[in-house]
Amino acid sequence: MQKKRILSIVLSFILALGMTLQVQASSISETKKEGDALKAQKSAVEAEKAALAEQLNTLITDLEKTNADVEAKQQEIAENQTELIKAEIDEQQQYESMKMRIKYMYENGNTQFIEILLESKSIGEFLNNAEYINKISEYDRNMLVEFQKIVQDVKDKREKLEQEEAELVQLQQELQTKKEEINTLIAEKAQEIGDLNIAIGENAKKLEELQAAAAEQLRLQQEAQQAANNGSSSGGASSSPRPSIPVSGNGALGNPCPSAYISSEFGGRQSPGGIGSTNHKGRDYAAASGSPIYASASGTVVTAGYNAARGNYVVVSHSGGLSTLYQHCSALYVSVGQSVSAGQNIAAVGNTGYSTGPHLHFEVWVNGTPVDPRLYL
């Protein structure tokens with residue numbers, strides 16, 4: 001009676017652990033999705049930052065050209081100013097030369113006309129009065145008109161250059177403002193990427209904790225199941241410490257890592273980096289580092305070593321062209337040429353090689369070609 005009561009308690013405990021594992025599996029799945037979303041968001045922000053950097057480079061090129069144009073225009077204005085001063089000097093010199101001729105005429109006669117001319121208050125009035133004075137050189141009058149035209153042309157040119165300079169300076173200011181705005185946006189994107197990196201790190205830590213907790217819950221469930229099996233067996237004798245190996249395919253192979261849960265199956269899936277897809281050639285068993293890995297069937301060890309992608313790994317050859325691969329191990333307990341039996345502890349779960357967390361990557365090969373392990377488990 002007491003044994004039945006204990007067995008009932010153990011079975012209830014197993015049921016509770018099973019429900020907890022389901023909740024944890026759901027949490028792990030949601031956390032993975034959240035991590036994938038954060039990585040996708042980070043990629044989008046990085047693309048936006050790169051586009052802004054490209055805009056900034058183009059803007060800097062435009063700004064440098066505009067700065068050069070402003071300097072060239074200012075130089076042109078300075079040269080024009082020199083021409084204007086020279087023209088004004090020539091005009092004044094011609095005017096003074098004419099006055100000297102008028103004085104000569106005054107001293108040599110025609111005083112009435114000379115007085116009229118000397119009473120002129122401006123060049124324009126002087127020219128109007130000069131029309132009545134036939135003795136004034138036609139050459140002087142034409143030269144004065146020509147100098148006045150040159151002075152006016154230079155002034156007009158200067159006004160045009162100053163207008164062009166103003167437009168360039170305005171463009172220069174606009175480009176500088178845009179440059180500052182883009183620099184601000186790039187800084188904001190960099191901050192956003194930094195925040196996303198923190199969030200991705202926290203998500204990865206949370207996922208690792210959830211996976212470790214799930215692996216521990218699975219271990220407790222299996223221990224409780226083993227205890228229940230022992231309690232229900234006749235005579236109360238202890239069963240073999242070798243783990244039970246459930247089957248879901250043809251049963252040719254046993255479960256290589258009973259203390260784990262399945263985190264990824266064979267076939268197409270999202271890559272571990274979160275970008276693109278990949279053809280997953282095996283089945284992943286997520287478990288705490290150091291968890292035992294068992295040979296799925298008896299055979300001979302043909303490889304036991306390290307690879308940059310696979311990490312520490314073991315390859316066991318079985319009969320009928322069947323082989324099994326055990327990857328990312330933290331430790332190996334067998335060597336090349338060694339014969340192993342089904343259920344023998346050959347390695348320990350780890351995170352070596354190209355791996356995003358502690359797990360066993362298990363592959364099944366038939367005549368050198370990877371196949372879905374579910375067909376043989």
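Given the structure is predicted, the values throughout are model-derived calculations rather than measurements. (Residues numbered from 1 in each chain as written. Predicted model: local features only at pLDDT ≥ 70, side-chain atom pairs only at ≥ 80, totals over all residues. Heavy atoms only, no water.)

## A short note on the environment of Val-315
Here is the rule we go by: Runs of H or I in DSSP of at least four residues are treated as helices and runs of E of at least two as strands, each being numbered from the N terminus. Working definition: with a 1.4 Å probe on protein chains only, accessible area under 20% of the residue-type maximum means buried, over 50% means exposed, and in between means partly exposed. The contact criterion used is simple: two residues touch if any of their non-hydrogen atoms lie within 4.5 Å.
When you line up the elements, Val-315 lands in strand β7 (residues 311-317). A residue is classified by how much of its surface remains accessible, and Val-315, at 11% relative accessible area, is buried. Taking the C-alpha atoms as reference, Val-315 lies 8.9 Å from Val-336; in sequence the two are 21 residues apart. Excluding its chain neighbours within four sequence positions, the residues that come into contact with Val-315 are Thr-300, Val-301, Val-302, Thr-303, Thr-324 and Leu-325.

## Digging into the confidence of the model for the chain
If pLDDT is low for a region, its predicted coordinates should not be looked at in detail. Test applied: A residue's pLDDT is simply how confident the predictor is in it, with values from 0 to 100.
For the chain, per-residue confidence averages 79 on the pLDDT scale, and 69% of positions sit at 70 or higher. By mean pLDDT, the top-scoring element of the chain is strand β5 (residues 292-294) (97), and the lowest-scoring one is helix α2 (residues 111-118) (62). Note that residues 233-248 has pLDDT below 50 and, in this model, 20 contacts with residues that lie over four places away or in other chains. Overall, residues 273-277 carries pLDDT values under 50, and its contacts beyond four positions in sequence, including any with other chains, amount to twelve contacts.

## Details of the pattern of salt bridges
Under the convention used in this document: Salt bridge, as used here: a side-chain nitrogen of Lys or Arg that lies within 4 Å of a carboxyl oxygen of Asp or Glu.
Counted under the stated rule, the structure contains nine salt bridges. With its nearest N and O atoms 3.0 Å apart, the salt bridge here joins Asp-153 to Lys-149. Of this pair, Asp-153 and Lys-149 both sit in helix α4 (residues 138-232), separated by four residues, roughly a single helical turn. Relative accessible area serves as the criterion here: at 53%, Lys-149 is assigned to the exposed category. A salt bridge links Arg-283 to Glu-265, with the nearest nitrogen and oxygen atoms 2.9 Å apart. Taken together, the residues Arg-283 in strand β4 (residues 283-286) and Glu-265 in the loop between β1 (261-264) and β2 (267-270) connect sequence positions 18 residues apart.

## Focus on the packing of aromatic side chains
Operational definition: Two rings from Phe, Tyr or Trp (for Trp, the six-membered ring) form a pair when their centres are within 6.5 Å of each other. A pair whose planes differ by under 30 degrees is stacked, one over 60 is edge-to-face, and the rest are tilted. Comment: the charge-over-ring label is applied if NZ (Lys) or CZ (Arg) is within 6 Å of the ring centre and within 35 degrees of the ring normal.
Counting across every chain of the model gives two aromatic pairs. Centre to centre, the rings of Tyr-285 and Phe-362 are 6.3 Å apart; their planes meet at 75°, and the pair counts as edge-to-face. Taken together, the residues Tyr-285 in strand β4 and Phe-362 in strand β11 (residues 359-366) connect sequence positions 77 residues apart. Here Tyr-285 and Phe-362 have matching classes, each one buried. Measuring from centroid to centroid gives 5.3 Å for Tyr-326 and Phe-362, while their planes differ by 50°, and the two rings are tilted. With Tyr-326 in strand β8 (residues 322-332) and Phe-362 in strand β11, the pair connects residues that are 36 residues apart, well separated along the chain. Residue Tyr-326 is classed as buried on the basis of its relative accessible area of 0%. Clustering of aromatic rings is evident, with ring pairs tying together Tyr-285, Tyr-326 and Phe-362. For Arg-310, the ring lying beneath its charged end belongs to Tyr-313, and the centroid distance is 5.8 Å.

## Brief notes about the nonpolar core
Buried together is how nonpolar side chains tend to be arranged in soluble globular proteins. Here is the rule: By nonpolar core is meant a set of buried Ala, Val, Leu, Ile, Met, Phe, Trp, Tyr and Cys residues that side-chain atoms within 4.5 Å join together.
By size, the foremost hydrophobic cluster in this structure holds 25 residues, and its most contacted members are Ile-293, Tyr-326, Ile-346, Leu-360 and Phe-362. Elements that contribute at least two residues to this core include exactly β7, β8, β10 (345-349) and β11. Setting aside residues up to four positions removed in sequence, Leu-360 forms contacts with Pro-256, Cys-257, Arg-283, Asp-284, Tyr-285, Ile-293, Tyr-326, Gln-327 and Val-349. Leu-52, Leu-175, Ile-182 and Ile-186 belong to the second-largest nonpolar core, a separate cluster that totals seven residues.

## As for the pairing of β4
Quick note on the threshold: In short, DSSP must find at least two bridges between two strands for them to pair.
Burial of the side chains of β4 extends over both faces: Arg-283 and Tyr-285 are buried on one face and Asp-284 and Ala-286 on the other. Bridge count between β1 and β4: three bridges; the pairing is antiparallel. What sits directly across from Ser-264, in β4, is Asp-284. With four bridges connecting them, β4 and β11 associate as antiparallel partners. Within the sheet, the bridge partner assigned to Arg-283 lies in β11 and is Phe-362.

## Remarks on the environment of Lys-39
Structurally, Lys-39 can be placed in helix α1 (residues 2-107). Along the primary structure Lys-39 and Ile-200 are separated by 161 residues, whereas in three dimensions their C-alpha atoms are 7.0 Å apart.

## A closer look at the side chain of Asp-372
To keep things clear, this is the line we draw: Under the rule applied, a polar contact is a pair of N or O atoms within 3.5 Å (in protein, one hydrogen donor and one hydrogen acceptor; residues adjacent in sequence only if both atoms are side-chain atoms).
Note on placement: Asp-372 falls in the segment after β12 (369-371). In this structure the side chain of Asp-372 is engaged in a polar contact, spanning 2.9 Å, whose partner is the side chain of Arg-374.

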